[in-house]
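# Examining the three-dimensional arrangement
One letter stands for each residue in the lines below.
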Amino acid sequence: MELCSARVVLSVNGINLRNMQCMLQRVYIEQGYGSLMTILIYRNMMVQDAFSTTVSSVTSETSKQQNTSGMESQNLVDDLSPKKNTVLKLSNGPVVGSRKRPSEGHYEKEKEHCIALFDQWSEADQVEFVERLISRMCHYQHGHINSYLKPMLQRDFITALPAQGLDHIAENILSFLDARSLCSAELVCKEWQRVISEGMLWKKLIERMVRTDPLWKGLSERHQWEKYLFKNRTSEVPPNSYYHSLYPKIIQDIETIEANWRCGRHNLQRIQCRSENSKGVYCLQYDDDKIISGLRDNSIKIWDKQSLECLKILTGHTGSVLCLQYDERVIVTGSSDSTVRVWEVTTGEVLNTLIHHNEAVLHLRFANGLMVTCSKDRSIAVWDMASPTDISLRRVLVGHRAAVNVVDFDDKYIVSASGDRTIKVWSTSTCEFVRTLNGHKRGIACLQYRDRLVVSGSSDNTIRLWDIECGACLRVLEGHEELVRCIRFDNKRIVSGAYDGKIKVWDLQAALDPRAPASTLCLRTLVEHSGRVFRLQFDEFQIISSSHDDTILIWDFLNVSTNGQSEGRSPSRTYTYISR
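The rules we used
Residues numbered from 1 in each chain as written. Predicted model: local features only at pLDDT ≥ 70, side-chain atom pairs only at ≥ 80, totals over all residues. Heavy atoms only, no water. UniProt positions renumbered as here; feature names shortened; annotations may be inferred. Phe/Tyr/Trp six-rings, centres within 6.5 Å; stacked < 30°, edge-to-face > 60°. Helix = DSSP H or I, 4+ residues; strand = E, 2+ residues; numbered from the N terminus. Buried < 20%, exposed > 50% of the residue type's maximum accessible area, 1.4 Å probe, protein only. Lys NZ or Arg CZ within 6 Å of the ring centre and 35° of its normal. Pairing = 2+ DSSP bridges. Axes fitted to C-alpha atoms, helices over the stretch in contact; angles between N-to-C directions. Core = buried A, V, L, I, M, F, W, Y, C linked by side-chain atoms within 4.5 Å. Contact = heavy atoms within 4.5 Å.

- Labelled according to an unreviewed UniProt entry, the protein chain appears under the name F-box and WD repeat domain-containing 11-A isoform X1, originating from Stegastes partitus.
- Taken from UniProt, the Pathway (unreviewed entry) comment for the protein chain reads in full: "Protein modification; protein ubiquitination."

## Some details on the packing of aromatic side chains
- Scanning all chains against the criterion turns up 12 aromatic pairs.
- Residues F118 and F129 carry aromatic rings whose centres are separated by 6.1 Å and whose planes lie at 55° to one another, so their mutual orientation is tilted. One end of the pair, F118, is in helix α5 (residues 107–120); the other, F129, is in helix α6 (residues 123–135), and 11 residues separate them in sequence.
- The exposure class of F118 is partly exposed, given its relative accessible area of 24%.
- Using a relative accessible area of 33% as the deciding quantity, one classes F129 as partly exposed.
- R493 extends its terminal NZ or CZ atom over the ring of W261, reaching a point 4.2 Å from the ring centre.
- Over the face of the ring belonging to Y499 we find R532, whose NZ or CZ atom lies 4.2 Å from the ring centre.

## As for the sheet that holds strand β20 (residues 422–427)
- If you walk across this open sheet you meet the 4 strands as β18-β19-β20-β21, and the pairing is antiparallel. Looking at the sheet topology across the chains shown, the edges are occupied by β18 (404–409) and β21 (433–438). In this sheet, adjacent strand axes meet at a mean angle of 20° when their direction is disregarded.
- Pairing between strand β19 (residues 413–418) and β20: 5 bridges, direction antiparallel. Its bridge partner lying in β20, I414 is registered against W426.

## Things to note about the nonpolar core
- Of all hydrophobic cores here, the largest spans 44 residues; its most connected members are I206, W225 and I543.
- The greatest single-element share of this core, amounting to 7 residues, is contributed by helix α14 (residues 240–263).
- When sequence neighbours within four positions are dropped, the list of residues in contact with W225 reads I206, V210, W216, L219, S220, Y242, L246 and I250.
- Counting residues in each nonpolar core, the second largest holds 16 residues, with V484, I494, A516 and L521 among its members.

## What about the sheet that holds strand β14 (residues 361–367)?
- The strand order β14-β15-β16-β17 describes an open sheet built from 4 strands, whose pairing is antiparallel. Both edges of this open sheet fall to β14 and β17 (390–398), since each of them pairs with a single strand only. In this sheet, neighbouring strand axes are inclined to one another by 20° on average, regardless of whether the strands run parallel or antiparallel.
- Bridge count between strand β16 (residues 379–387) and β17: 8 bridges; the pairing is antiparallel. Each residue of the ladder has a partner; that of M385, found in β17, is I391.

And the structure:
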């Protein structure tokens, strides 16, 4: 047979050598073993073995007379078979091409002796010995060891832990999963499903969300399923399946609320608080039980939030009540009569009257034993509140060139805004001036500060977002047609009210993204007030606003009636308070 004929049939175990090379490379790469150099060395070894056999076979065959062509082909294929001492393994594990050592009678005895010695050593010595053995092996041997060890290192710990009496550890591990992952974990096997069920992990997931998310907490209170949370396993606690089915219902409620905010769907409740001599509700604050409002007629009215009836009227100021804040003990109010009064929440008794400012007290804030007030007299007063009856002046901050309309503070900064078009930042601890934020074209009427973000509204009809640390203006929101009088924000939204009678809802996250188009920032404009909007407050479910039209409006985005109502408008309940 000619050499070219030999090339045609050149093979190893019936596999063409070129195909064999591709298979070797694919197996090495897929299994992650070896390097290109290892593949080339092993391939060349096989080619040299096969080629040397082929050459010797061809030389021998051409010097002899062959009886039949069929016999020639058979002899050639036999000669091209791999050598007896070459081992080729193609499997899901690593490719191992090695030359076996000659079988010796002492190997088995030596192996047993080594194992006996190995068993006598300490664990540390055993590890050190194996490490030295491995270091003396070649690369493809490492791959074989790796494939041997990999399944030994895999453990179903969730199934194994309860078998050792450690159910609580398995439950604790799975309790960190989110809802999607917890659903997947339930489908792994019956044992995982049992651990999740007996560990009440859906209940724990809901409890975690209620603790960390105000929206979840509010829903738990309003829909009455909070009574099934934060309790130990008793007969009153439903099974895990109840919480499993409750979770998607909560998600549906949240999606509905978010859609109502975006589309402006709401139920509207209206409190009419007309008085004979003057009208206008300058300030308000609310909780789940009550709304407290400060009016132009010098009074403070407390309303029942459910029935919307007036529960109490506090009198004492000789001027309009321009600002207020309350906690569980006291109500603090500021008035155009230049005084600050402290009232007992439950009885309405006046506990203290602070006389310091020379003109109207326009705004105030208090928290953690500190109170800050600001005035038309251009000054800011910082007070120490040891108790409702023990309030002392700590420092007066001077720097604004016009009335200081609003203040806010935390443990780090006091922030003030003025009719002089500036926002000033002061150190809370030292009361020293830090920096000025410039940008508004006209006086600033409202402001809120939290973390690094300051949001302000101005008589230039714009809203600005600021980074308090560097003083940079992050975004300008345009849309109101008159002075922006009040503004609040949370993690999702900014809500603003203006003298144009409109309330606008803005997307805060989009506003903080410089790539977001300006046309996408205002989510909804709410128009119900017939006069200037003076003050508003909101949470995840509602906005409560007050106006020059002498009304308080409650915009409810949770309990929305959808039977035949047009988008953005809902029937209103009206309550009129008649002074006696």
